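Residue strings, one per chain:
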Amino acid sequence: MRMLVVVIVALLLSGCATADRRLGAGVVEQWTDQPFYRLPDPVPAGPPGGVVRSEPILSAPDGTVAWRVLYHSRDVSGADVLVSGVVVAPSSPAPPGGRTIVSWAHPTTGSAPHCAPSLAVDPFDLIEGLDQMLRAGYVVAATDYPGMGAPGPNSYLVGRSEGNSVLDAARAARAITRTGAADRLLLWGHSQGGQAALFAAQDAPAYAPELRLAGVAVAAPAADLADLLTADIGDVSGVTIASYAFDAYASVYRATPGATLNTILTPAGAATTPAMAQLCLARQNKELHALAGPLIGHYLTADPMTTEPWASLLRANTPGATPLTVPLFVAQGEADVLVRPATTARFVAGECRMGTHVTALSLPGVDHGFIAIDALPTVMAWFAGVEAGNPGSGSCPPP
């Protein structure tokens, strides 16, 4: 049935412009792609990054080839989980040494399975810098994270689960031979994806030693979870982000004494949080506002920065506990009211103290939504530099 619909739409759109072709193909794929995300029964065992299935994406941008992938990863407990995502590569022949992979970690779209970026009509729309990266000759791997797209354990702001899925997306890209992907790797993430990319960078030497990581770039990263979940709790966005995180932690760490919603949230907050966690950030914004609005000022009953086990769980999922072995690029908008400039500055200072080579970019007037796009020209130049072994002078003060 899927192939019949695809053929019909392809014939209808054969004389249409690129935008119409991509939109039509994307609509058809959204109608017909649900079977792709159903897990095999039983789920076969496989190594991290092993591809269970892949299929071409007909709505890929011109000059590219793309696949929807389902691959093995490991969650925070070490369990084998299947994760979905997208892999995109230039359609031209790969150079003799193969193509470097950029593994992209997306910002918050929600935490429920149907909020996965790869399920969108245009699954490439949220990959900030996709066009620039493809023009530079990179292969781009974009994970959905565990529990999004393909069913699995929740991973919202669960650093190791997210980070592993970012690294394993790169492994999956290498497994698709037509990508021409080499073992060279760059990491790029925004907001929630910044936290995921940082965990991937921390864990890469032990978890994926065969990948030659050259550098990690992040924009407005969720680098201090306790601060994020308390400083922003006074508005709809803050309550929404917190609802995703607290729901995820109550599920993932349910065996931890005290990791229940009623130990940190008001009765109304605890009752409403599971429903909010089923809503997607952009597509169901009106519904989220209706639930989050009444909770402003009436959500928390205790400070998660000091209340156990929440304080320990937030620390365990906050990046920066160990120094990075590769250069780090951090972009921050000075007008960001979600991930605050002072929080990012503290993170950068901590990385500098640990000896990480950090390049920091602060952009006046830029808010949370636009920082990754506005930083892209500098990020792309930095990528080229670190690949060539030249990360620049950096921003850390002299020791």
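Whatever comes next refers back to the structure up there.
So, here's what we can say about the structure. (Residues numbered from 1 in each chain as written. Predicted model: local features only at pLDDT ≥ 70, side-chain atom pairs only at ≥ 80, totals over all residues. Heavy atoms only, no water.)

A few words now on the sheet that holds strand E8 (residues 328-333). The 9 strands are arranged E1-E2-E3-E5-E4-E6-E7-E8-E9 in an open sheet whose pairing can be described as mixed. If you trace the sheet from one side to the other, it starts and ends with strand E1 (51-56) and strand E9 (358-363), each paired once. With strand direction ignored, the average angle separating the axes of adjacent strands in the sheet is 20 degrees. Across 7 bridges, the pairing between strand E6 (residues 181-190) and strand E7 (residues 212-219) is parallel. Pairing of His190 across the sheet is with Ala219, part of E7. (Pairing = 2+ DSSP bridges. Helix = DSSP H or I, 4+ residues; strand = E, 2+ residues; numbered from the N terminus. Axes fitted to C-alpha atoms, helices over the stretch in contact; angles between N-to-C directions.)

Look at any regular strand and the pattern is simple: side chains alternate between the two faces of the sheet. Judged by how many residues are buried, strand E2 (residues 64-74) sits mostly within the fold: 11 of 11 residues are covered. Across the two faces of E2 the burial is the same, with Thr64, Ala66, Arg68, Leu70, His72 and Arg74 and Val65, Trp67, Val69, Tyr71 and Ser73 all buried. By the bridge criterion, 5 bridges tie E1 to E2 in an arrangement that is antiparallel. Bridging across to E2, Pro56 finds its partner in Trp67. Pairing between E2 and strand E3 (residues 80-90): 11 bridges, direction antiparallel. Opposite Tyr71, over in E3, you have Val83 as the bridge partner. (Buried < 20%, exposed > 50% of the residue type's maximum accessible area, 1.4 Å probe, protein only.)

Most of E6 sits out of view: 8 of its 10 residues are buried. One ladder, built from 6 bridges, connects strand E4 (residues 99-105) with E6; its direction is parallel. Opposite Val102, over in E6, you have Leu186 as the bridge partner. On the question of chirality, the crossover connecting E6 to the parallel E7 by way of helix H6 (residues 192-207) is right-handed. (Right-handed = clockwise from strand over helix to strand, strands pointing away.)

A covalent bond between the sulfur atoms of two cysteines is what we call a disulfide. Across all of its chains, the model carries 2 disulfides by this definition. A disulfide bridge connects Cys115 with Cys280, and the sulfur atoms are separated by 2.1 Å. Of note, the bridge from Cys115 to Cys280 carries an S-S torsion of about -90 degrees and is left-handed in sense. Highlighted residues: Cys115 in the loop between E4 and helix H4 (130-135) and Cys280 in the loop between helix H9 (267-276) and helix H10 (285-292), separated in sequence by 165 residues. The partner cysteine of Cys352 in its disulfide is Cys396, sulfur to sulfur 2.0 Å. Handedness here is read from the sign of the S-S torsion; for Cys352 and Cys396, about -80 degrees, the answer is left-handed. Highlighted residues: Cys352 in helix H12 (residues 341-353) and Cys396 in the segment after helix H13 (371-387), separated in sequence by 44 residues. The exposure class assigned to Cys396 is partly exposed, which follows from its relative accessible area of 26%. For the protein chain, the bonded cysteines pair up as 1-2, 3-4 when numbered in the order they occur along the sequence. (Disulfide = S-S within 2.5 Å.)

Right, let's talk about the environment of Val366 for a bit. Checked against the element boundaries, Val366 lands in the loop between E9 and H13. Using a relative accessible area of 9% as the deciding quantity, one classes Val366 as buried. Considered as a pair, Val366 and Glu334 are 32 residues apart in the sequence and their alpha carbons are 5.9 Å apart.

Residue Pro42 is reached from Asp41 by a cis peptide bond, and omega for that bond is 5 degrees. Along the chain, Pro42 falls in the loop between helix H3 (34-37) and E1. Cis peptide bonds are those with omega within 30 degrees of zero, and the linkage from Glu308 to Pro309 qualifies with 5 degrees. Looking at the secondary structure, you find Pro309 in the loop between H10 and helix H11 (310-316). Positive phi outside glycine occurs at Ser191, with the angle close to 60 degrees. In this structure, Ser191 sits in the loop between E6 and H6. Judged by its relative accessible area of 8%, Ser191 falls in the buried class. Positive phi outside glycine occurs at Ala220, with the angle close to 45 degrees. Mapped onto the secondary structure, Ala220 falls in the loop between E7 and helix H7 (225-231).

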